[in-house]
Structures are given as C-alpha cells and as structure tokens.
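Structural overview
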There are 2 protein chains.
Amino acid sequence: MRDQQITKTYRELQQQICSQLENADGKSAFVTDYWKKELGHGYTMVLQNGNAIEKAAVNFSSVSGSVTNSMKDSMKIVEGSEYFATGISSIIHPKNPFVPITHMNVRYFELNTGLAWFGGGIDLTPHYINKKEASWFHKELKTICDYYDSDFYPVFKSWADNYFYLSHREETRGIGGIFFDYQTAYENESFEKLFDFTRKIAEAYPRIYIELLTKNRNTEFTEKEKNWQKLRRGRYVEFNLMYDHGTKFGIDSNGRVESIFLSMPPMANWEYNFTPKTGSKEEETLSLLKKDIDWINMNS
Amino acid sequence: MRDQQITKTYRELQQQICSQLENADGKSAFVTDYWKKELGHGYTMVLQNGNAIEKAAVNFSSVSGSVTNSMKDSMKIVEGSEYFATGISSIIHPKNPFVPITHMNVRYFELNTGLAWFGGGIDLTPHYINKKEASWFHKELKTICDYYDSDFYPVFKSWADNYFYLSHREETRGIGGIFFDYQTAYENESFEKLFDFTRKIAEAYPRIYIELLTKNRNTEFTEKEKNWQKLRRGRYVEFNLMYDHGTKFGIDSNGRVESIFLSMPPMANWEYNFTPKTGSKEEETLSLLKKDIDWINMNS
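Here is what the cut-offs are and how they apply
Residues numbered from 1 in each chain as written. Chains lettered and ligands numbered in written order. Predicted model: local features only at pLDDT ≥ 70, side-chain atom pairs only at ≥ 80, totals over all residues. Heavy atoms only, no water. Helix = DSSP H or I, 4+ residues; strand = E, 2+ residues; numbered from the N terminus. Expected span 1.5 Å × (residues − 1). Buried < 20%, exposed > 50% of the residue type's maximum accessible area, 1.4 Å probe, protein only. Pairing = 2+ DSSP bridges. Axes fitted to C-alpha atoms, helices over the stretch in contact; angles between N-to-C directions. Least-squares fit on C-alpha atoms with pLDDT ≥ 70 in both. Contact = heavy atoms within 4.5 Å. Buried area = accessible area lost by both parts, 1.4 Å probe. Salt bridge = Lys/Arg side-chain N within 4 Å of Asp/Glu carboxyl O. Polar contact = N/O pair within 3.5 Å; in protein donor to acceptor, adjacent residues only side chain to side chain. 1 Å grid on protein atoms, 1.4 Å probe; cavity = no way out; pocket = protein on both sides within 12 Å on 5 of 7 lines; lining within 4 Å. Points joined across faces, edges and corners; volume = space filled by probe spheres on them. Nonpolar A, V, L, I, M, F, W, Y, C, P; charged D, E, K, R; others polar. Phe/Tyr/Trp six-rings, centres within 6.5 Å; stacked < 30°, edge-to-face > 60°. Lys NZ or Arg CZ within 6 Å of the ring centre and 35° of its normal.

For helix α4 (residues 152–163) of chain B, which comprises 12 residues, the first-to-last C-alpha distance of 16 Å matches the rise-based estimate of 16 Å (1.5 Å per residue) to within 8%. Taken as a whole, α4(B) has its buried residues at F152(B), Y153(B), F156(B), K157(B), A160(B), D161(B) and Y163(B).

Structure, rendered in structure tokens:
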C-alpha cells in the first residue's frame, strides 16, 4: 500500500519538476526514457543544451530485491533480506558559471522486517559563491524544515556539511543545504509527516532553483570564468564517483548505468595545481568551501 | 640499502622518460615540482599543451610510514606495521584522438617484516583501436617479459585484462597490456631479476609510446572524433576514481593530492546514453573492449 502510494506520488513529482524546469529554460524539452529491469523500473528524464540549462537530469525509480552484502555494509543493515526502494534524484548543470549547480533527492527505503525510512535533501554548488544568495537559499530550506520540526534544519544542515565533503581536498562540495537519511517511519503519524516533508522538498526544488537561474542566467562571463566552472565540475565528478551513496547504491543494486551516470556534468576539466590569484573571486569561493558556516546569519 | 638503490634508479628513470617525451613532443617542456611531506618526498613532472601531447604526467615518489587499517584491507597486509614504497607512475593524454592514452607504473613496496615486492605494468587505451598497432604493442611487451620468464606475459596480460576493467560498464579500459603486483623479492636473485624487469618496463615505455605518437600525431580528425575522445576520457576518469589502486593508495597514505590527481585528463565529457552508429569506427572500438582478446595473434 505505502509502496504504491509513494511510487505514484514521486513519479508525479518528477513530472512536475521537469515541467517547471522546461518552462523556465524556454528552449529544450525533457526526453523520457522508461526502463525496466529485473529489479524494477524507472523513468529517466533529461534536458540537454537548453537556453540556460546545459544538462538537467531527473531520475525516478522504484526497485526491490534481495539485500546484498555490499548494501548491508554500506547501509548498515542488520536484519532483513528483501528491500523496496523508490525515489527521485536530480542534478542541474547550468550554462552560465554564475548560476549554481544543484542537486535534490528524496527517497523511501523499506525492508521486509517492516523497518522503513526516508532520506533526501537539497544542496547547492555555486561555481562562484554569492553570500546573499547562499543565505537566502538556506533560509528557504529552514522555512520548509521548521514547519515539521525545529530540529530538522540544524541537524540536516550539519549532516549536509559532513556528507557533501571531499575529504581528500579538505573542501565541501558547495554551500551544502540539507541532507538526511534513516528517518524511520514506523507509525502512521511519523510516516505521514516524513512523506509530506519529502514532498515539500521536491516541490520547493524547482521553485528555488528557477529563482537563482533567472537572476543569473544572463550575467556576462569570460572564458576564464567558464574555465573555472569546468574545474569546479571536475570536483563534482570526484565527489560523485568517490563518495556519493546514490552512485554506490545504484551500482551495488545493479541499476541502469546510464541513469546512474546521468549525474555527471556534460564536460569537466582538471588542471594541475590550479591556484586562484590572491584576492580573486575564485579564491574567495574556495575560502568559503568549509563546514559549519552559518550561512543564514553571515550577512547580519 | 635496497631502498636507496631503487629510489635513485627510479628517479633517474623518471627524468629519462620525461626527456624523451619532451624531445618527441618538440614544443612544451616538463615542469618539475618537488614536494616533501612527513611521509616522504617526490618529484611531480608535468608537460601540458605540447604540440602532440595535451598532458603528460610522470610522478616519482619515495615514502614510508605506518601501515594504516585501510592499507591492510586493500593491500591484504597480514603482518607488518611500517612500510617503505617507491615508484614511478605516468599517464599521457595526447591531442589527436587517433593517438592512444597510455599509462605506466613501476613500484617497490617493503614491510618491516622483510617482505618486499614489485608491481607495475604498461597499458594502452586507444580512443580508436587499430588492431595492427594493438598487436604490435602486445608483442613489444611480450618480448620484454619473455626475456625474464615465459610465464610473465600470459599471466600479466590476463592480470591487466582483469584489473583495467570497468565492471559497471562491462568494458575494459582499453586493450590492456601487462599488470602485476606482489612479485615477492626475498632473495637477491629474485630481487635483481624483478628490479631489472621494472627498469626495462620504464625504459620501454617512452620508446613504445613515441612510436605510436609519431605514427598518428598528424592524422586528420573531425570535431566528432574529438568529441568521442572526450567521452573515452570520461571512462578513464571513472576508472581512476572508482577502481585505481594507485589513487586509493595515494589517498589512504595521505599523499599529495595534486600529484595523485595528475592522472586526470585535462577535459572529459559525459553524454547521456551515447550510442555509436552501427558499423562506425566507434562501435568497432567498443566491441573490442573485452577481456581475453589474443591481440598478438588476432591478425594472423
């Protein structure tokens, strides 16, 4: 029952997100690939080469199967041999380097023991950090969180700081946002609350992003700034292939490779020992890629 | 004693490789960064934006320290608390898509229990597989191997097939080559033999590559072929970040990040669900990215 309800809702939310992003972009349309494998099915929706969006990927899937040893290890599953999982996962790479990269995910995971939980979040990776926008972004997330639980924002904000972290670079991926996992939903009450919370996150995602896209999509930029964007995308690739749990889960559960790797940027660069000039915008951004920054109050 | 001897030889070989590649390229020069950290030191040598070479990286390092738990797991170390390691590792990304990417590594690892071993290899990742060149490449490696042991080529060729494999794509990284590890060197006799073998590999590396570079560096290519090269580089990134033991060892041992990530291509692309046309060169290359191809005899 719950499975079907969430599957249906998440699939509808996926279409809603795509429709809003497509309208905002104004040029390219999303193409939809339906896939079906032994473990389940999914819809992979991609918009490429738009006016303002270089690549937007919105994945939906609903899968079930046997819990593998690798899943037991990485997800710390103690009991349970069968699972069901459904979720939406999205990533947007804009053309303009002054528009941030963003990522959103909501997911539901259930074991045959009855244990079930929600996870998800939204986070932002600006190529150039704009403090005012960063503060606004975090306030938007806090408003959504506070409606459900005043602990949500502080706990999930800190979770994002620790999760979206490239330890080998000692760098956060961006300005974070919120990230949560293992929010158990035994009772109907907690189930409804968490389910609704993930719905609100998915709904807020295109609205928040379109605001930032609209503001900066026509900002002039140089070749040098475009190059910096590609270097930052290189970091994004490092995170996705080295740390991301979604990529790992996708591969461990024998998911559809092209859908999993949809999170990759269209192009990314690496440059040996690139060091931004003292006092440059690039240097300022790097100095802000740290955990535990109080974005909301940083301007006050 | 052995430590110093190998360190000195490998550092000299690094300079020799760079000097030959620089001559062959004819434009850009290698820049050298010396680094020193608590665990040891190294020389990072990079050539960028040459006539024919887009990026050549040749790393040398000599490090020692305490065996970490992560190293114990990944290197299957049972006894021993301190290690010494030295090696050369190189990667070359050419400009022309008809010139292959290549990679070479030789390394020596020693534990305070007295256990010591050599590892290394050479492998080739053509963007477009040329069967004749692939056969020639493998013959060259077999000739080097056979001088030392007739088992070396078949065993190390198969090892390369299994190691340079992207299981999530069910694709080999390229046409393989030779790869070996844990070749123990207790006795002076086996030590001298293996040390000499790794020396011969490092010496052969620029000679073999320059042959392939010279043959194809001026071959005409289209934008479409250049794009295919970038997609193949995307696969290279996936391998390096998801499977490569050298990257893992570098990070686990707290190595110098910029030297570890020197193996990354200057730029790489990802394109959702890219499928080469039936009968195209790209399709033929994909069909040959398989394990256990007998490259040497495939044309006879």
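More follows now that the structure is in view.
Now for the sheet that holds strand β1 (residues 31–37) of chain B. Residue and element names in this part refer to chain B. Reading across the sheet, the seven strands line up as β1-β2-β3-β4-β5-β6-β9 and stay open at both edges, with antiparallel pairing between neighbours. Both outer strands of the open sheet, β1 and β9 (176–184), are each paired with one neighbouring strand and no more. Each strand axis lies, on average, 5° off the axis of its neighbour in the sheet, ignoring direction. Two strands pair when backbone bridges link them, and strand β3 (residues 53–66) and strand β4 (residues 82–94) are joined in this way by 13 bridges, in the antiparallel orientation. Bridged to G65 within β4 is Y83.

What follows concerns the environment of Q15(A). Note on placement: Q15(A) falls in helix α1 (residues 2–25). The sequence separation of Q15(A) and E171(A) amounts to 156 residues, and the corresponding C-alpha distance is 34 Å.

Residues and elements named next belong to chain A. Read from one edge to the other, the open sheet built from seven strands follows the order β1-β2-β3-β4-β5-β6-β9, with strand pairing classed as antiparallel. Looking at the sheet topology across the chains shown, the edges are occupied by β1 (31–37) and β9 (176–184). Pairs of neighbouring strands in the sheet enclose a mean axial angle of 5°, with direction left out of account. Of the strand pairs in this sheet, strand β2 (residues 40–48) and strand β3 (residues 53–66) are connected by nine bridges, and their pairing is antiparallel. Bridging from a neighbouring strand, G40 pairs with V63 of β3.

The subject of this paragraph is the relation of the copies chain A and chain B. Its rotation angle being 180°, the transformation that places chain A on chain B also includes 0.0 Å of axial translation and leaves an RMSD of 0.0 Å. Taken together, the rotation and translation relating the two chain copies correspond to the operation of a two-fold axis. Looking at the rotation axis and the C-alpha trace of chain A, the residue lying nearest is A268(A), at 2.7 Å. The residues that chain A uses at the interface reappear at the interface of chain B in 100% of cases, marking a shared surface.

Residues and elements named next belong to chain A. Here seven bridges tie β1 to β2, and the two strands are oriented antiparallel to one another. Across the sheet, residue T32 finds its bridge partner in β2, namely M45. Counting the residues that bridge the hairpin from β1 to β2 gives two residues.

Time to look at the interface of chain A and chain B. Contact with chain A, which involves 27 residues of that partner, is made by 27 residues of chain B. With both sides pooled, the region where chain A packs onto chain B buries about 2500 Å², and carbon together with sulfur makes up 59% of that total. In terms of surface lost to chain B, no three residues of chain A exceed E258(A), W270(A) and Y272(A), which account for 30% of the buried area on that side. Seen at the junction of chain A and chain B, the total is two salt bridges. Across the pair R169(B) and E258(A) runs a salt bridge whose closest N-O atoms are separated by 3.0 Å. Inspection of the region where chain A meets chain B yields 13 residue pairs in polar contact (both at pLDDT 80 or more). Among the elements of the structure, β2, α6 (223–242), α8 (257–260) and β10 (267–269) of chain A are those that each provide at least two residues to the side of chain A that touches chain B.

All right, on to the pairing of β9(A) then. Residues and elements named next belong to chain A. In terms of burial, β9 is a largely internal element, seven of the nine residues being buried. Where strand β6 (residues 116–125) meets β9, seven bridges bridge the pair, whose relative direction is antiparallel. Residue pairing for β9: I122 is matched across the bridge by I178.

Turning our attention to the layout of surface pockets. Residue and element names in this part refer to chain A. By volume, the second largest pocket is sized at about 1100 Å³. Along the wall of the second largest pocket there are 49 residues; nearest its centre are H245, G246, T247, F249 and G250. Of the residues in the lining of the second largest pocket, the class split is 21 nonpolar, 20 polar and eight charged.

Inspection of every chain in the model, using the stated rule, returns 40 salt bridges over all chains. Where D146(A) meets K142(A), a salt bridge forms, and the shortest distance between an N and an O atom there is 2.6 Å. With D146(A) and K142(A) both in helix α3 (residues 131–148) and four residues apart, this pair spans about one turn of that helix. Among the residues examined, K142(A) registers a relative accessible area of 32% and is labelled partly exposed. The partner of R232(B) in a salt bridge is E171(B), with the nearest N and O atoms 2.8 Å apart. Highlighted residues: R232(B) in helix α6 (residues 223–242) and E171(B) in strand β8 (residues 171–172), separated in sequence by 61 residues. A single burial state applies to R232(B) and to E171(B), both of which are buried. Among the charged side chains, a network of salt bridges with common partners joins E54(A), K226(A) and R233(A).

What follows covers the packing of aromatic side chains. For any pair of aromatic rings, the description rests on two quantities: the centre-to-centre distance and the angle between the ring planes. Applying the stated criterion to the full structure yields 64 aromatic pairs over all chains. Ring centres of Y83(A) and F109(A) lie 5.5 Å apart, and the angle between their planes is 5°; on these two criteria the pair is classed as stacked. Here Y83(A), found in strand β4 (residues 82–94), pairs with F109(A), found in strand β5 (residues 101–111); they are 26 residues apart in sequence, far enough to count as distant. Here the aromatic rings of F152(A) and F197(A) are separated by 4.9 Å at their centres, their planes lie at 45°, and the arrangement is tilted. With a gap of 45 residues between them, F152(A) in helix α4 (residues 152–163) and F197(A) in helix α5 (residues 188–216) connect regions that are remote in the sequence. For F152(A), a relative accessible area of 7% puts it in the buried group. Look at F197(A) and you get buried, because its relative accessible area is 1%. Here the basic side chain of R199(A) rests over the ring of F195(A), its NZ or CZ set 4.4 Å away from the ring centre. Sitting above the plane of the Y165(B) ring, K291(B) keeps its charged end 4.1 Å from the centroid.

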